[in-house]
Structures are given as C-alpha cells and as structure tokens.
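The primary structure of each chain is shown beneath.
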Amino acid sequence: MNDIDDLDFLNTLTILYAEDDDHIRGQLAQFLKRRCANVYLATNGKEGIELFEKHRPDIVVTDVLMPITDGLKMGEAIRAINPKVPIIITTAFEEPRYFHRAIDLGVDKYVTKPVDLTILESALLKCARAIRSEMALRDLHERTSELQEAQHIAKLGHWRLDLANGKLSWSDEFLRIFDVEAARFGSSYAAFLSIVHPEDRDFVDRAYQAHLAENTEYDIEHRILLEDGTIKYVHERRKTERDLEGKPITTLGTVQDITDRKLVELELEQHRQHLEELVAVRTGELEKSKNEAESANRAKSIFLANMSHELRTPLNAILGFAQLIERDPQLSEGHRQELQTINRAGRHLLALINDVLEISRIEAGHTLTQNEAFDLCELLESIEEMIRMRAEAKSLTFNVERLGELPHFVEGDAHHLRQVLINLLGNSIKYTDNGTVELKLAANDDSIRFQITDTGIGIASEDFQNIFKAFFQTENGIAKGDGTGLGLAISKEFVRLMGGEITVESAIGQGSTFTFTIPLPEVDSPVIAPKSQGRVISLAEGQPTYRVLVVEDNADNRLLLTRILENVGFEVKAVDDGKQAVEAFQTWLPDFIWMDMRMPVMDGYEATKEIRKMPNGQYIKIAALTASAFVEDRSSILAAGCDDMLTKPLAEDDLFEVMRRLLPLEFRYELPLQSDDVRVVTLDLSCLPFEWREELSHAAELLDIEAVQALIQEIAVDFPDQARVLEKAVGEFHFDHILNALNNV
Ligand code: ADP
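Reading the values: the criteria
Residues numbered from 1 in each chain as written. Predicted model: local features only at pLDDT ≥ 70, side-chain atom pairs only at ≥ 80, totals over all residues. Heavy atoms only, no water. Helix = DSSP H or I, 4+ residues; strand = E, 2+ residues; numbered from the N terminus. Rg over C-alpha atoms; globule rule 2.2 N^0.38 Å. Buried < 20%, exposed > 50% of the residue type's maximum accessible area, 1.4 Å probe, protein only. Contact = heavy atoms within 4.5 Å. Areas by Shrake-Rupley, 256 points an atom, 1.4 Å probe, with all protein chains shown as cover. Lys, Arg positive; Asp, Glu negative; His and termini not counted. Charge placed at Lys NZ, Arg CZ, Asp CG, Glu CD. Polar contact = N/O pair within 3.5 Å; in protein donor to acceptor, adjacent residues only side chain to side chain. Axes fitted to C-alpha atoms, helices over the stretch in contact; angles between N-to-C directions. Parallel < 35°, antiparallel > 145°, perpendicular 65-115°, else oblique. Left-handed = near helix turned anticlockwise from the far one by under 90°. Salt bridge = Lys/Arg side-chain N within 4 Å of Asp/Glu carboxyl O. Pairing = 2+ DSSP bridges. Near = heavy atom within 4 Å. Nonpolar A, V, L, I, M, F, W, Y, C, P; charged D, E, K, R; others polar. Patch = residues over 30% accessible without salt bridge, like charges linked within 9 Å, V, L, I, M, F, W, Y side chains within 5 Å. Core = buried A, V, L, I, M, F, W, Y, C linked by side-chain atoms within 4.5 Å. pLDDT = per-residue confidence, 0-100.

Some thoughts on the overall build of the chain
Next, step 1: Assigned secondary structure in the chain consists of 25 helices and 24 strands.
Next, step 2: Taking 27 Å as the expected radius of gyration for a compact globule of 745 residues, we find that the chain reaches 56 Å, considerably beyond that expectation.
Next, step 3: Projecting the C-alpha coordinates of the chain onto the three principal axes gives extents of approximately 170 × 65 × 45 Å.
Next, step 4: Evaluated residue by residue, the chain yields a buried proportion of 44% over its 745 residues.
Next, step 5: Considering only contacts in the chain between residues 6 or more positions apart, those separated by 24 or more positions represent 66%.
Next, step 6: Taken as a whole, the chain presents about 39,700 Å² of accessible surface, with 51% of it coming from carbon and sulfur.
Next, step 7: Within the chain, the 128 negative side-chain charges are centred at a point lying 7 Å from the centre of the 80 positive side-chain charges.

Rendered as structure tokens:
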C-alpha cells in the first residue's frame, strides 16, 4: 500500500474538526477540505459531540482547550459512541496532565501548534491506513463467517493434513459432520479414519494410498459411524500438493454430508426393488395366464385340425366320387343332374367350412401371409369378370378405374388379396339395388390403394366398428338372409396381414366406400406356373409306366385316389399306413408317393423321413396329402422331406399338376370346356313357353339358384338339351349367359 493509495483513500473519508480559534480553524479547514471528502467544523467540544452523533465522521481532529467542553472530554464522549474512531489532538500546550489524559484516551496523534501541515497530513494518512486495515479485517471476518455459513448450509466441511508432521486441521463444519468436539478429536489422520465406518475403512484407506502413490483421483462416497451409533453417508474429495519431485506435502480434503440424499436414494432403490418384485410377480402371473391361454389356444388348434380333418376327409370322398361318376358316359341325364347337385352342395359346404376355419385360424393367431410373385393384371381381370357378371345380373353398373399405371407383376399374397376384393365387391353388389359399384385402383411407390364404392343401402356410423367383428350383421345384412357375417372380419385381418388397414365411409342410404392400401412391390420376371390346360384324360402316348404308391388310412379316400390315378394310366399300389409305405418303397420301387400325413401306426412325417434315409430315398418324389387347416403345417411337411403338398378335398387338376411338376411326364387334356358357354349364349330358348322365359329371367336376375334350378327341372321334361346347357350355366354361375340367351329370343 503506498501513499498515493492512502491519499486517495483519505479523499473518501469525512473529518470532524473542532477548534475555538476562528483564524486557525479557517486555515486548517481549508487544508482538510482539500484532503478529504467532507469536513464538519465545531467551535467547541459540545458542538463537536453533536456533529459526531449526527454525521459519524471517520476521523476526529480537535484542539484541547476549548470553551464549554474541551477536546479531550469530547474525545471521551466520541469514543463512548465509537471506540475505534481515530483522534488527532492539536494543541499549543504540552502540559503533562493533558498528555496523560490523551494517552488514557488512546489518541492516535498529538500535533503541536502551530500545526505543521506535513505532520498533520502524515497523521491523517496514518489514521486512513488504520481505518483501511480495520475495514479489510471486518471484510475478512464477514467473508469467513459467510463461508462458514455456506459450508454449514451445504454440509460441506474441509480439512488439511500436513504430511510432514502428520497434523490434521479442520473446519467447524467438518467437526459438526463428524459430531466431535475439537478438544476431543485427535488431530491426526488416524483419528479421521477411526470415525469412518469399519466396513468402509479399508476401502477409504486404499483409495487414499493409491491417490498418494499414483496421483489417482480421490472422489468417493462412504459411511461414517458416530460415537452414538448414527451412520452418516459422506462424499469425499481430496487433492494433494506435491513438491518439485512429486513428493506429497499436504492434502486438502472436503467432506460433504450426503445422508439425506443417500437415504432418499436408498428408499428409492427399495421402492424400485419392491416394484421389480411386483413386476416379476405380475409378469409371472401374466406368463401363467399367457401359458394357459396358449395351451387353450393349442387345444383349439388341435381341435380345429381334427375338425378340419374330420370334415374334409369325407368331403374329399363325396366330391371326388361325384366327379368321377359324373364322367361316366353311361350315366342317365337325371343322375347327372343329381350328381351335379351333390357337387354344388359339397362345394358350398366346403366354402362354408373354409370360412369358419379361416376365422378360427385368425382367432388362434395361425394366419400367415405367403408372399410370392403373381400376375396382378390377370388377378384383377378374373375378379372383374366375375363381379361384372354379378353386377349385370342385378342391372348395376360396374366400373373399374385405374388411376395411373399399375404394375403388371407384383409380389404379395394373391390368395388373400383375391379373397378380400371378392368379399368387398361381393358385398357392394349384395347391398346395392340401383346404381353403381366401382373399383378404383391407384399405385403409389410400392403400394396400391384399392377403393370399393357403391351406391347401396349404406351403413350407420355406429356400426362402423361392429361390421368388422366376426358374425356381426346389421339388420339389413340379416334381412338379406344370406351371409354369415364373417366376410369383413376375414377381410380386415387379411388386409392387416398384408400390411394395410381397411377403412369405411358410409351413411344410411348414401352408399359405402371401403378403402385399403397395401404394399405390392413390382417384380420383373416372375416365375409363374402355367395355367392348367383343361381336364386330364390320360397320360400322353409314349410315356413310360409310372408306379404311384398311395398311402392313405381312410379306405374311401384310398379307393378314390387309386381310381383317379388308374383312370389316367398310372400303375397304383395302395397301403394303409407309413410303416407299410416304407416296406413298399423297398420292395415295390415306386416312382412317386402320395403320402397322407395323419395315419395310425406310423404317420406321414416319420415315413417320409425314414424313406429319405434309405438308399435312393432322396430321389423318390413324395407329395403330401393333408386335411389340416393350417398353412404353417406346410413348412413342417416340407421339412420332413416332402417335395410338395395338397390340401384335401383334392381337386383333380391340382393333383395332376403336382405330378406334372415333379415327374418328367406329359398328359393328354380334354378340349377346353368353353364350347358349352358359347352354346348357352347362342342357345335358342324361343321354344320355351313365354311364362317360363319370364320366370327364368326373373330368377336369373335375382341370382336365385334354387328358383332357376326348379324351373330347369320342369324344362328338362320337354326340353332336355336346353335344360342340360342351362344347368351347366347355373353350375358355373353364368346367369349372364342365361339372361343373354333369353334376351336374344
Ligand atoms: P355378410 O356375410 O353379412 O355380408 P360381412 O362380414 O361381409 O358379412 O358384412 C358384415 C355386415 O356389414 C353385413 O351384414 C352388412 O350389414 C354390412 N355391410 C358390409 N358391406 C356393406 C355394403 N357395401 N353396404 C352396406 N352394408 C354392408
């Protein structure tokens, strides 16, 4: 601190100056005013005391001998108010009695008159310095107590260890945290360690030794155990100062009491553990109910598989034999018609079984999509053709609008898409009496949007959710009398599986619009199986004799399959179970095996696996026959070693198609059957009585199969040719051909 600083500081202070001599007071006042911020002038001690009380000046300069109250009395009164205020005495008398009183008062400087201004200035500077260090001290005190307060609030204490003499010093807060009195606390690191919880002591000490030896960071949390048994949690940090050679000299440590936070954390942890336990228990319960549900589901699946088997197996025999007998040229016309009825009813029954099984499969979570490349244009055309016919039969306009260009070949599930479109368009026709049914298609990137709109009876908004539930039909739906309420439920699920969602917009009397968008990425050159060329009559000429082993436990189906195969020229051997199949494979050496999968003694899976293990077993072609309702069985069947599979009831065409694909053989096909359709269109119905024509036209417009068939039976009596062709048209749902023929009359 130099004089300039002190002068500047003096300049900020105020001074009380008491002097009864006007001349001297005037002279010194001028000097003082130049040196400080303000000067209060008093002519006697009493005035001086009053001014001091009022203005609290920083320094007092006073004469001794003054009227009323002298300078020393005034000084005593002022010191009583502020004992630290510096007092400078100016006097001409150097009498010992004043001198002693001045010493008693503790005056800071004694300046004799006439006042030497340099001496007075240095006295003033000395006082300024004293005031300044007093202020700095006060400031330090304030900051220290603030720091202590802050440490107390933060519960953060600190200590210092002098490593040369092992002496530990600490802050108040440190002692408060450790709950020891300074006098009782041995000031050593060992004393510190003794308060660390015994279980944590080793860990704390090791951390410190590592910090000292390798300068690793010391930042740990541990417990301390107080004398009264209280456990506290502390967060400790340490920093060590080292000499030039890196040798530790002192360590400064901070200790923060984190007990509150730790207890909250522990409580939270307990809650978390409790929650985890709860979750584990609940998950266990859910797991249990899930397992129960799954086993119930499995039971349902097994039941379904059995049902499916039980229903389809006899249906296979019924439909198969009906088809076989129907081909017999000796058959009378009456029997032929009856057989056609069996066929039709059987197919209807099969469609119903399939629908019910489909919905059960969906509910059991067994439905999967099977994506493969297919011809989208062909699929749309075949659906268009079918729907157009039904629309025309009800005098509805059917429009197909393609917005933009559609890909020709796409990858997707053709089977599901076809079923959804037929369901939605079929519903539109079913629930529309006048106007239009429209299918709009729009391709966008790799997706296609399908929109089916009709001008029919519409659906109330409160039924929008319900119509997609299985077996739900609106009153209008029930009134129509046909349908099961399954179509939309199946469609919704199929669309979901294909990656989309069906939405509906409709209002009563305003028609309906069903929309869905599904991914159908375009593919370049799909491998698509050639279309069947018509009904197989026999093996083509010049073919070797192929030996086909039929493995089937059901006697009816065994006989049926044997007949179908023998009829076209195969050499057939039939056995009842898998064990016999394995024997026959070795002794009879077949070229092809039709293998039923479910059989007693040894099932088809095991028999196939056995055969595949035998010499030449890899080369034989094995196709599975299954009445199972589950698509996913396909993978386990193929995994067992089968080359392909067919689902019962068997369609002859498919049966031969599988054999054509797997064996190097060729068939002879019957000529395409369309000739009959041509005949019905060109058929002259003018010979029929007018009333019959009218009734036939009415029934055909309503697509009323039963009424049309009843009429055909009547017609058959006198017009058997016409009846036969009409019957064929009805069997194929060609009501449009019937109506055309009637219109041509
Ligand atoms: P259904 O076999 O009864 O046609 P769906 O599941 O296909 O069963 O349809 C459920 C119900 O939704 C139908 O009973 C019918 O009331 C209503 N519905 C479906 N499509 C239409 C439509 N295009 N117009 C009016 N109502 C419809």
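That covers the picture; the talk isn't over yet.
Details of the environment of Arg272
Next, step 1: Within the fold, Arg272 resides in helix α10 (residues 259-326).
Next, step 2: Separated by 2.4 Å, the side chains of Arg272 and Glu276 make a polar contact.

A few points about the packing of helix α12 (residues 376-393) against helix α13 (residues 414-430)
Next, step 1: Where α12 contacts α13, the two axes come as close as 11 Å, and the packing angle between them is 20 degrees. With respect to their mutual orientation, α12 and α13 come out roughly parallel. At the point where α12 passes α13, the crossing takes the right-handed sense. Packed against α12, whose contacting residues are Leu376, Leu379, Leu380, Ser382, Ile383, Met386, Ile387, Arg390 and Ala391, the element α13 presents Ala414, Leu417, Arg418, Leu421, Ile422, Leu425, Gly426 and Ile429 at the interface.

Some points on the pattern of salt bridges
Next, step 1: Scanning the entire structure with this criterion turns up 38 salt bridges.
Next, step 2: The shortest N-O distance in the salt bridge between Arg261 and Glu221 comes to 3.3 Å. With Arg261 in helix α10 and Glu221 in strand β8 (residues 218-225), this pair connects stretches of sequence that are 40 residues apart.
Next, step 3: Arg282 is the salt-bridge partner of Glu285, the closest N and O atoms lying 2.7 Å from each other. Taken together, the residues span about one helical turn, with Glu285 and Arg282 both in helix α10 at a distance of three residues.
Next, step 4: With relative accessibility at 41%, the residue Glu285 sits in the partly exposed group.

A few points about the sheet that holds strand β19 (residues 547-551)
The strands making up a sheet associate through hydrogen bonds between their backbones, and the pairing can be parallel or antiparallel.
Next, step 1: Across the sheet, which stays open at both edges, the five strands sit in the order β20-β19-β21-β22-β23 with parallel pairing between neighbours. Every interior strand has two partners, whereas the edge strands, β20 (571-575) and β23 (644-647), have only one. Averaged over all neighbouring strand pairs, the angle between strand axes comes to 20 degrees, with direction disregarded.
Next, step 2: Here strand β21 (residues 592-596) pairs with strand β22 (residues 621-626) via five bridges, running parallel. When the sheet's bridge partners are listed, Met595 is paired in β22 with Ala624.

Overview of the site of the ligand
Next, step 1: The full set close to the ligand counts 21 residues, and Asn427, Asp454, Gln473, Thr474 and Leu488 are the nearest of them.
Next, step 2: Separating an oxygen atom of the ligand from a side-chain N or O atom of Thr474 is a distance of 2.3 Å.
Next, step 3: If the ligand stood free it would expose 530 Å²; the protein chains cover 98% of that surface.
Next, step 4: Listing elements by their share of the shell around the ligand, those giving two or more residues are α13, α15 (487-497) and β17 (512-519).
Next, step 5: With three residues, the top contributor of residues to the shell around the ligand is α13.
Next, step 6: Its residues assigned to classes, the shell around the ligand comprises eight nonpolar, eleven polar and two charged.

A short note on a negative patch on the surface
Next, step 1: Judged by side-chain charge, Glu405, Asp445, Asp446, Glu522 and Asp524 come together as a negatively charged surface patch.
Next, step 2: Mapped onto the secondary structure, Glu405 falls in the loop between β12 (397-403) and β13 (409-412).
Next, step 3: For Glu405, a relative accessible area of 74% corresponds to the exposed category.

Re the packing of α13 against α15
Next, step 1: Contact geometry for α13 and α15: axes closest at 9 Å, N-to-C directions at 140 degrees. Taken together, the axes of α13 and α15 lie oblique to each other. Taken as a pair, α13 and α15 cross one another with a handedness that is left-handed. In this structure, α13 uses His416, Gln419, Val420, Asn423, Leu424 and Asn427 to contact α15, whose residues at the interface are Gly487, Leu488, Ile490, Ser491, Phe494, Val495 and Leu497.

Here we look at the side chain of Asn427
Next, step 1: Of note, Asn427 is situated in helix α13.
Next, step 2: Setting aside chain neighbours within four positions, we find Asn427 in contact with Ile422 and Leu488.

Section: the nonpolar core
Next, step 1: In this structure, Leu417, Leu421, Phe450, Phe514 and Phe516 are the most contacted members of the largest nonpolar core, which totals 42 residues.
Next, step 2: Every element with two or more residues in this core is listed here: α11 (333-363), α12, α13, β14 (436-444), β15 (447-454), α15 and β17.
Next, step 3: Residue contributions to this core peak at seven residues, all from α13.
Next, step 4: In contact with Phe516, other than residues within four places in its own chain, are Leu417, Val420, Leu421, Leu424, Ile448, Arg449, Phe450, Ile452, Val495, Glu501 and Ile502.
Next, step 5: The next biggest cluster of nonpolar side chains, apart from the first, holds 27 residues, and it includes Val548, Val568, Leu663 and Phe667.

Some thoughts on the confidence of the model for the chain
If pLDDT is low for a region, its predicted coordinates should not be looked at in detail.
Next, step 1: On average, residues of the chain score 85 in pLDDT, and 91% of them are at 70 or above.
Next, step 2: With pLDDT under 50 throughout, residues 527-532 is counted as low confidence; its partners more than four residues away or in other chains account for seven contacts.
Next, step 3: Within the model, the stretch residues 672-681 combines pLDDT values under 50 with 15 contacts to residues more than four positions away or in other chains.

Comments concerning the sheet that holds strand β4 (residues 87-91)
Next, step 1: Spatially, the five strands line up as an open sheet ordered β2-β1-β3-β4-β5, and their pairing is parallel. Each of the sheet's edge strands pairs with one partner strand only, and the pair in question is β2 (38-42) and β5 (109-112). Between one strand and the next, the sheet's axes are offset by a mean angle of 20 degrees, whatever the strand orientation.
Next, step 2: Pairing geometry for strand β1 (residues 14-18) and strand β3 (residues 59-63), over four bridges, is parallel.

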